[in-house]
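Residue strings, one per chain:
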Amino acid sequence: MDFSTPPEDLGAVKFVLASHEWQYRGEGNAKIAISLPAEKKVVLLPKSDKTDNINNSDFWHWISTNVKFINCIMKPIFGDMFVSSPSLVYLSSYDIQLLNETLASVRPEKRKDKELLLCGGELCSDHVYLPSSLSAFCKSKSFCIELKPKQGVFPLSERQFRNCLFCRKQQLKMKEGLVCQKSLYCPLDLFSGSWERMKNALVSLLCSPQNNLRIFHDGCLVYDEDHSDSDLQKVLMEWLPSVPKSNLVERISSILLQALTKDFSGIEGGKESPGGWVFEGAPPFDPEMESHVYSTRDALPHLPQPPCNYDSQELPEGCILRRLVEAQAVDNLGTALVHDLLKSHQQYSISMDYSLKSESINYVNNILSKGCSSELDPIERYLIAAVARDCSILITFQELKEDCKEAQNLPQVVDEDSRTHFLCHIAAVDLEPKPMSCINSQMKKKASILEACQQPVL
Ligand SMILES: O=P(O)(O)O[C@@H]1[C@@H](OP(=O)(O)O)[C@H](OP(=O)(O)O)[C@H](O)[C@H](OP(=O)(O)O)[C@H]1OP(=O)(O)O
Ligand SMILES: Nc1ncnc2c1ncn2[C@@H]1O[C@H](COP(=O)(O)OP(=O)(O)OP(=O)(O)O)[C@@H](O)[C@H]1O
């Protein structure tokens, strides 16, 4: 593969590793994140497995199309205030190789099936820190909670299960040995609009984080699934002022919930695109619809756990939870119906069995040409919703200096027990489009989940 041609014509800027102080931040299934602490930026580098076969020109078109998708589709849907625009960088193959070698000792074993092969990536604001416009009013320590909330609203065709997809998938994760304990978290509670259930969901995430919660302190990972309860207590003691007999997990959950339900529209110059996210023809989020499926719900596999609660009420306007749930509801058909549609669609069927990055470019270009409009077809809507069902949010807090009158109108939350005020910021990340083949792979995953639920691991 030849990655030597500088892709400057697509707006990419040269990134020389040796010119920056850098650290490994973390990774998911698709990208490795390198943080640049002095600049408060991150470089996100796509990973490849040995079977990926993409040429230089296709790679650069794919990655620049991804950035356009974030800017033109996900940003209007979530709102300017929750999404920042990445730019493109290119690296030498020497630097990519150096990264592979240097990172080998810090990368988790379970992620090493893929490595860096492609000489480019996205440069983004590092959202584990507060933007400087806010941190100027704060004391020094910053904390960030990363959440991957997963799917919190389901199309009618997928509401017949007693337990939601996340809770059913726990059976598969147990069966495959990916986790040794089931998560206590249920996304339906987080998105329920009920203060008590949302709070319980956050406590559950803190106590069983799996790959759905991480905490960073001044840019360093201090709590995730590989840490213990006592690590969590230490982090929270560092974060919150001591108050005798108070429950730190409860206190942090309350702070987090204030941030997740806060109306950020209009804050930080975060102007809405015309009409906000709701574009003509998008199915409105309708909690009433689910009443129709009660009658069939009991017919499906019973897990050795209580049923999930599909009841929900409206979330506050302009808060991140509402934006997420509305973006997830852009698909109102569900995987099986969309999969059937795809099979019958001559135009798409060719892309279906391929996970090649170049294959996704065509459908993303179609979405880009339509924009957030009623012209989007159900398959395109599904692919947009799929991003919102798997993205992460970074919620960052920094303690406000005492008597800081200038910060009155800035977004803040309060720890009631200690009366401490924190400025906060929320960013959605991992908003790149999924390949068309994800419809096929999600069908297969759902079949495996059903099978795992038929022989539940206790
Ligand atoms: O479909 P799911 O729910 O299994 O989600 C996958 C995630 O699994 P999770 O359940 O969060 O552990 C999975 O996360 P992990 O690798 O398990 O941390 C990825 O996010 C995957 O996305 P992609 O295919 O890399 O773009 C996700 O796949 P898709 O969203 O592309 O289907
Ligand atoms: N803009 C950002 N600021 C700070 N940290 C970030 C940013 N973007 C990503 N990260 C960190 O990098 C990690 C990997 O990024 P990302 O979630 O985009 O990767 P992925 O491989 O696509 O994930 P997934 O497996 O969930 O699809 C995130 O979990 C987060 O900790």
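Computed from a prediction, not measured in an experiment: that's the story for all the values here.

The rules behind these values
Residues numbered from 1 in each chain as written. Chains lettered and ligands numbered in written order. Predicted model: local features only at pLDDT ≥ 70, side-chain atom pairs only at ≥ 80, totals over all residues. Heavy atoms only, no water. Helix = DSSP H or I, 4+ residues; strand = E, 2+ residues; numbered from the N terminus. Expected span 1.5 Å × (residues − 1). Buried < 20%, exposed > 50% of the residue type's maximum accessible area, 1.4 Å probe, protein only. Polar contact = N/O pair within 3.5 Å; in protein donor to acceptor, adjacent residues only side chain to side chain. Near = heavy atom within 4 Å. Areas by Shrake-Rupley, 256 points an atom, 1.4 Å probe, with all protein chains shown as cover. Nonpolar A, V, L, I, M, F, W, Y, C, P; charged D, E, K, R; others polar. Phe/Tyr/Trp six-rings, centres within 6.5 Å; stacked < 30°, edge-to-face > 60°. Lys NZ or Arg CZ within 6 Å of the ring centre and 35° of its normal.

## Some words on helix H8 (residues 248-260)
Then step 1. For H8, with 13 residues, the first-to-last C-alpha span of 18 Å sits near the 18 Å given by 1.5 Å per residue.
Then step 2. By the criterion of burial, H8 is predominantly enclosed, with 11 of the 13 residues buried.
Then step 3. Taken together, the buried positions of H8 are Leu248, Val249, Arg251, Ile252, Ser253, Ile255, Leu256, Leu257, Gln258, Ala259 and Leu260.
Then step 4. Capping the start of H8, asparagine 247 holds a side-chain oxygen 3.0 Å from the backbone nitrogen of valine 249, two or three residues further along.

## Focus: the environment of leucine 303
Then step 1. Along the chain, the position of leucine 303 falls in the loop between helix H9 (294-297) and helix H10 (320-328).
Then step 2. On the basis of relative accessible area, leucine 303 is assigned to the buried category, the value being 7%.
Then step 3. Separated by 168 residues in sequence, leucine 303 and serine 135 have C-alpha atoms that sit 47 Å apart.

## Some points on the site of ligand 1
Then step 1. Taken together, Asn29, Arg111, Lys148, Lys150, Lys169, Lys173, Asn211, Asp390, Lys434, Gln442 and Lys445 make up all the residues around ligand 1.
Then step 2. A distance of 2.9 Å separates an oxygen atom of ligand 1 from a polar side-chain atom of asparagine 211.
Then step 3. Within the contact set of ligand 1, an oxygen atom lies 2.8 Å away from a side-chain nitrogen or oxygen of lysine 445.
Then step 4. Here ligand 1 loses 75% of its free accessible area of 590 Å² to cover by the protein chains.
Then step 5. Listing elements by their share of the shell around ligand 1, those giving two or more residues are helix H4 (165-175) and helix H15 (438-454).
Then step 6. A breakdown of the residues in the shell around ligand 1 according to their chemical character gives no nonpolar, 3 polar and 8 charged.

## So, the packing of aromatic side chains
Then step 1. Tallied over the entire structure, the rule returns 7 aromatic pairs.
Then step 2. Taken together, a centroid distance of 5.0 Å and an interplanar angle of 70 degrees make the contact between phenylalanine 59 and tryptophan 60 edge-to-face. The pair formed by phenylalanine 59 and tryptophan 60 is uniform in burial state, with each residue classed as buried.
Then step 3. Centre to centre, the rings of phenylalanine 59 and tryptophan 62 are 5.9 Å apart; their planes meet at 45 degrees, and the pair counts as tilted. Note that phenylalanine 59 and tryptophan 62 are positioned in helix H1 (residues 56-78) at a spacing of 3 residues, about one turn of the helix.
Then step 4. Taken together, the ring pairs connect Phe59, Trp60 and Trp62 into an aromatic cluster.
Then step 5. Sitting over the face of the ring of tyrosine 129, lysine 40 holds its NZ or CZ atom 4.9 Å from the ring centroid.
Then step 6. Against the face of phenylalanine 161 rests arginine 168, its NZ or CZ located 3.7 Å from the ring centre.

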